[in-house]
Amino acid sequence: QVQLVESGGGLVQAGGSLRLSCEASGRIVSLSDISWWRQAPGKQRESVAYSTRGAGINYAESVRGRFTVSRDNAKNTVFLEMNNLKPEDTAVYYCHLLQHSIINYWGQGTQVTVSS
């Protein structure tokens, strides 16, 4: 069993920064298997950043150059550093883990609101 817990969301003005955390517990093979997603009101959940083994981290075009993923293996935590935030980044942010190609784990999400 795996648990993912996000934190770090909040209200920030446009141009500001936030750092989200995703703490993982349970049978995690690799933190690099954890990805970030977001869901804005009235929209489908979309991928923000994910790792491809051997090819680094892939970022959505809308966040590339502003968001950065990092990991702390000692703390079993994945971070999403978000800079130069825009109102269109407003969403609930989730971390996700797919295990054995069929088992999906999601965190509870953390709200990010960017005011203009």
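### Remarks on the pattern of salt bridges
Here is step 1: If you walk through the whole model with that rule in mind, you get 3 salt bridges.
Here is step 2: Measuring nitrogen to oxygen at the nearest pair gives 2.7 Å for the salt bridge that ties Arg38 to Glu46.
Here is step 3: For Arg38, a relative accessible area of 5% puts it in the buried group.
Here is step 4: Residue classification places Glu46 among the partly exposed positions, given a relative accessible area of 36%.
Here is step 5: A salt bridge links Arg66 to Asp89; its shortest N-O distance comes to 2.8 Å. One end of the pair, Arg66, is in the loop between strand E6 (56-59) and strand E7 (67-72); the other, Asp89, is in the loop between strand E8 (77-82) and strand E9 (91-99), and 23 residues separate them in sequence.
Here is step 6: Each of Arg38, Glu46, Arg66 and Asp89 takes part in salt bridges that share partners, so that together they form one network.

### Quick look at the pairing of E8
Here is step 1: Counting buried positions along E8 yields 5 of 6 residues, so the element is predominantly enclosed.
Here is step 2: Here 6 bridges tie strand E3 (residues 18-26) to E8, and the two strands are oriented antiparallel to one another. Within E8, the residue paired with Leu18 across the bridge is Met82.
Here is step 3: As paired elements, E7 and E8 share 6 bridges and run antiparallel to each other. Of the residues in E8, the one forming a bridge with Arg71 is Val78.

Criteria and thresholds
- Residues numbered from 1 in each chain as written.
- Predicted model: local features only at pLDDT ≥ 70, side-chain atom pairs only at ≥ 80, totals over all residues.
- Heavy atoms only, no water.
- Salt bridge = Lys/Arg side-chain N within 4 Å of Asp/Glu carboxyl O.
- Buried < 20%, exposed > 50% of the residue type's maximum accessible area, 1.4 Å probe, protein only.
- Helix = DSSP H or I, 4+ residues; strand = E, 2+ residues; numbered from the N terminus.
- Pairing = 2+ DSSP bridges.

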